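Coordinate inspection notes
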Amino acid sequence: MTAKKRKTPEKKVPPKRNTQTGPTNPPRTKEDFEQELKSLAGQANTDSYQWTKQQVAIYGKATALIALTAIYANVSVLTMSPVYGQIPANRLHHYVVWAGLFVGWAGNLALRRILPWKTITLLPLIALHIPVLQFYLFGLSDSLGPEYGPAVTEALTLLPLVAVSSSCIADILDQADLGALPSAIANPAPGLVAYMVFRYSETTFFAQLIEQMGSSIMQTRMMLEMVLTATYTVMGRSRLLKYAFPGVMHFFFWNTHRMTQSAFNDLNANINASEWSVVDRWESNTGYVSVLDSHANGYRVLRCDHSLLGGEWTKLGREIVAEPVYSVFTQLEAVRLIEVPGKVPDSEAHALNIGLGIGTTPSALIAHGIDTTIVEIDPVVHKFATQYFGLPTNHTAVIEDVVSWSRTNAPTLYEHYDYIVHDVFTGGAEPVDLFTDTFLRGLHHMLKPNGVIVINYAGDFTLPSLSIVVNTIRDIFSSCRIFRENKAPAADKVESDGGDFDNVMMFCLKTDDAIIFRQPVEADFLKSISRKRYLLPKHEVPLSAFSSREEVGILRSNETEKLAKWHDQSAIKHWKVMRTVVPAEIWNQW
């Protein structure tokens, strides 16, 4: 079929004023002259109004399409995170977006000439098929890998949408009247301004999406994609929509990523064959959160995006507290065992737990009678920990960003806490702000003079990031001992694995006193088999294992990029570890 050539739209210019030196029939009287002037002025006002209205419509339509494209780009990243994790999903995302913007803007004339339809009519068709393509491409995540899997997926889904959107924006702005500007400014101005608006929209809307994610079913990943598609459909209605039928059918009948009961039932029907089931799931401000049961192995885990926040053995039951799958959360409870002068009984002690997970450590502290405050940013994590992992309700829950909470409450909580447990992790990396010297000084301020703090950092011993964190903590707290969850691997295994990733626990005091753990007694174990075996940390790490402050420095609040730049490597290694714990099909189908 020969493509129809469409005429390039001419730029609309404001009507030229009548430059005629005098009217054809000059007015004979003063009244005629005044009437002639009023008529000319009225005509000029009408023409000017029409021109202004037309220009406002042009810029309004272009701005709406720019914002729509920016929002879809954000939702695309969020949709990648349950399969690849937040950091790998973001790693090459901007390159895909830039490529789409450039291809679309540079090729708008070619598309306009080649296509037998208006370019904008392609947008709803592309958008309606993105969820289908994502669904099947996620199944290839093990083959594609965390390094390039997200970029390949977005190159086949998001990039075409961005490119066609960019082309449509260029078409719209071609109609704008910039005749009053010099050509040196008028030619590049539309592209530069459009990109600035896009970047501003992308940044602004991303923060809002994160904050509101999961507040209703319409504010979940899949439903947002469908809402955006509906908006594209309004802007680009055409007969081509009949070809979107397969995408619509797949979305409503086979896409298990929708947060609906029917999709939930279909998901469990799919994964039950592998002896797994989803107990509950929802989307929230830290990611996609779900509770998973492994029936073959007899445990339950809490998932957030492509990471596990904790787990417990369901086959072992519980008496006072559950049996944790991961020993690190039991070892954090050893903060109680450190001998300090003037130590108060548990019934008089106060503890601050930063980061919840399934609540293994705070549940034990509460069981010992300690007045415990839990600060957790994600309301769904707190809800699931209470509902499915037995977190006791007799605690103070603060559902808030701990950095803001600390800044606001540190003055009134001066030397208030006997114990502080700092345990934050998701997606392969910790929130950088929670390891800066400024934040840690706030915790130092809230810790009693004889108090104890334990900080858990999941990191790679082969990367400088772990040493930076250790140096920062030791710069704030006078005395520290450092342990790792597991025994250090042999050098050849580190080389073959490409790293040495483990949980690292740092027990610290405000004083220079030596850190000594008392021997636990029966009451410390809470009738738990895991605690009898793992309560006392065993694998101490010497300071010589870390780079010095002179070599790598510490983490200051205005130098967070020092730590963030290593998160890509850490998150990719963490992704590979997670794939050995839970089967790929469970991660992919979420």
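Residues numbered from 1 in each chain as written. Predicted model: local features only at pLDDT ≥ 70, side-chain atom pairs only at ≥ 80, totals over all residues. Heavy atoms only, no water.

1. As for the overall build of the chain
- In terms of regular secondary structure, the chain is built from 25 helices and twelve strands.
- With the C-alpha coordinates of the chain rotated into their principal frame, the extents come out at 115 × 55 × 45 Å.
- For the chain, the proportion of its 590 residues judged to be buried stands at 52%.
- Across the chain, the fraction of contacts at a sequence separation of at least 24, relative to all contacts at a separation of at least 6, is 74%.
- When the accessible surface of the chain is summed, it comes to about 27300 Å², and 57% of that surface belongs to carbon and sulfur atoms.
- Counting 53 positive and 58 negative side-chain charges, the chain places the centres of these two groups 10 Å from one another. (Helix = DSSP H or I, 4+ residues; strand = E, 2+ residues; numbered from the N terminus. Buried < 20%, exposed > 50% of the residue type's maximum accessible area, 1.4 Å probe, protein only. Contact = heavy atoms within 4.5 Å. Areas by Shrake-Rupley, 256 points an atom, 1.4 Å probe, with all protein chains shown as cover. Lys, Arg positive; Asp, Glu negative; His and termini not counted. Charge placed at Lys NZ, Arg CZ, Asp CG, Glu CD.)

2. Considerations on the side chain of Asn 268
- Position of Asn 268 relative to the elements: it lies in helix H12 (residues 261-271).
- Judged by relative accessible area, Asn 268 falls into the buried class, the value being 12%.
- Not counting residues up to four positions away in its chain, the partners in contact with Asn 268 are Ser 277 and Val 278.

3. Observations regarding the state of the cysteines
- This structure, assessed with the given rule, holds one disulfide.
- The partner cysteine of Cys 480 in its disulfide is Cys 508, sulfur to sulfur 2.2 Å. One disulfide, between Cys 480 and Cys 508, carries an S-S torsion of 110° and so falls in the right-handed class. Placement of Cys 480 in strand E10 (residues 479-484) and of Cys 508 in strand E11 (residues 501-509) is noted, with a sequence separation of 28 residues between them. (Disulfide = S-S within 2.5 Å.)

4. Focus on the sheet that holds strand E6 (residues 371-376)
- Read from one edge to the other, the open sheet built from eight strands follows the order E7-E6-E5-E8-E9-E11-E10-E12, with strand pairing classed as mixed. Each of the sheet's edge strands pairs with one partner strand only, and the pair in question is strand E7 (396-399) and strand E12 (539-540).
- Two strands pair when backbone bridges link them, and E10 and E12 are joined in this way by two bridges, in the antiparallel orientation. Within the sheet, the bridge partner assigned to Phe 483 lies in E12 and is Glu 540.
- Along the sheet, helix H17 (residues 437-446) contacts strand E5 (350-354), strand E8 (417-423) and strand E9 (447-460); its crossing angle with E9, the most-contacted strand, is approximately 150°. (Pairing = 2+ DSSP bridges. Axes fitted to C-alpha atoms, helices over the stretch in contact; angles between N-to-C directions.)

5. What to know about the pairing of E8
- Most of E8 is tucked away, with seven of its seven residues classed as buried.
- Judged from the four bridges that link them, E5 and E8 form a sheet pairing that is parallel. Bridge assignment links Ile 354 to a residue of E8, and that residue is His 422.
- One ladder, built from six bridges, connects E8 with E9; its direction is parallel. Within the sheet, the bridge partner assigned to Asp 423 lies in E9 and is Asn 456.

6. Remarks on the side chain of Ser 528
- Residue position: Ser 528 is located in the loop between helix H20 (522-525) and helix H21 (529-534).
- On the basis of relative accessible area, Ser 528 is assigned to the buried category, the value being 1%.
- A polar atom in the side chain of Ser 528 sits 3.0 Å from the side chain of Arg 531. (Polar contact = N/O pair within 3.5 Å; in protein donor to acceptor, adjacent residues only side chain to side chain.)

7. Considerations on the packing of helix H5 (residues 122-138) against helix H7 (residues 158-173)
- Axis separation between H5 and H7 bottoms out at 10 Å; the angle between their running directions is 165°. Here H5 is positioned roughly antiparallel relative to H7, judged by the angle of their axes. Two packed elements cross with a definite hand, and for H5 against H7 that hand is left-handed. Across from Leu 122, Leu 123, Ile 126, Ala 127 and Ile 130 in H5, the residues of H7 making contact are Pro 160, Leu 161, Val 164, Ser 165 and Cys 168.
- Partitioning the contact of H5 with H7 into residue classes produces nine nonpolar, one polar and no charged. (Parallel < 35°, antiparallel > 145°, perpendicular 65-115°, else oblique. Left-handed = near helix turned anticlockwise from the far one by under 90°. Nonpolar A, V, L, I, M, F, W, Y, C, P; charged D, E, K, R; others polar.)

8. Quick notes on the nonpolar core
- Leu 352, Ile 354, Trp 405, Leu 443 and Met 506 are the most contacted members of the largest nonpolar core, which totals 40 residues.
- Breaking this core down by element, the ones donating at least two residues are E5, helix H16 (402-409), E8, H17, E9, helix H18 (464-476) and E11.
- No other element matches the six residues that H18 contributes to this core.
- The contacts of Trp 405, once residues within four sequence positions are left out, are Leu 352, Val 375, Val 398, Glu 400, Ala 410, Leu 413, Tyr 417 and Met 446. (Core = buried A, V, L, I, M, F, W, Y, C linked by side-chain atoms within 4.5 Å.)

9. Thoughts on a nonpolar patch on the surface
- Taken together, the side chains of Tyr 95, Trp 98 and Tyr 195 make up a nonpolar region of the molecular surface, amounting to roughly 340 Å² of accessible area.
- When you line up the elements, Tyr 195 lands in helix H9 (residues 189-212).
- Take Tyr 195: its relative accessible area is 34%, and that puts it in the partly exposed class. (Patch = residues over 30% accessible without salt bridge, like charges linked within 9 Å, V, L, I, M, F, W, Y side chains within 5 Å. Salt bridge = Lys/Arg side-chain N within 4 Å of Asp/Glu carboxyl O.)

10. So, the packing of helix H3 (residues 93-106) against H9
- Across the interface, H3 lies against H9 with an axial gap of 13 Å and an inter-helix angle of 150°. Considering the angle they form, H3 stands roughly antiparallel to H9. Relative to H9, H3 is oriented so that their crossing is right-handed. Residues His 93, His 94, Val 97, Trp 98, Leu 101 and Trp 105 of H3 touch H9, and the partners they reach there are Pro 190, Gly 191, Ala 194, Tyr 195, Phe 198, Arg 199 and Glu 202.
- Partitioning the contact of H3 with H9 into residue classes produces eight nonpolar, three polar and two charged.

11. Description of the environment of Gly 442
- Within the secondary structure layout, Gly 442 lies in helix H17.
- Judged by its relative accessible area of 13%, Gly 442 is buried.
- Taking the C-alpha atoms as reference points, Gly 442 and Val 403, 39 residues apart in sequence, are found 9.2 Å from one another.

12. Considerations on the packing of aromatic side chains
- Per the counting criterion, the structure on display carries 16 aromatic pairs.
- Taken together through their ring pairs, the aromatic side chains of Trp 276, Tyr 299 and Trp 313 make up a single cluster. (Phe/Tyr/Trp six-rings, centres within 6.5 Å; stacked < 30°, edge-to-face > 60°.)

13. As for the confidence of the model for the chain
- In this model, the chain carries an average pLDDT of 91, and 92% of its residues clear a pLDDT of 70 or more.
- Confidence drops under pLDDT 50 across residues 1-23; counting only partners more than four residues distant or on other chains, this segment forms 28 contacts. (pLDDT = per-residue confidence, 0-100.)

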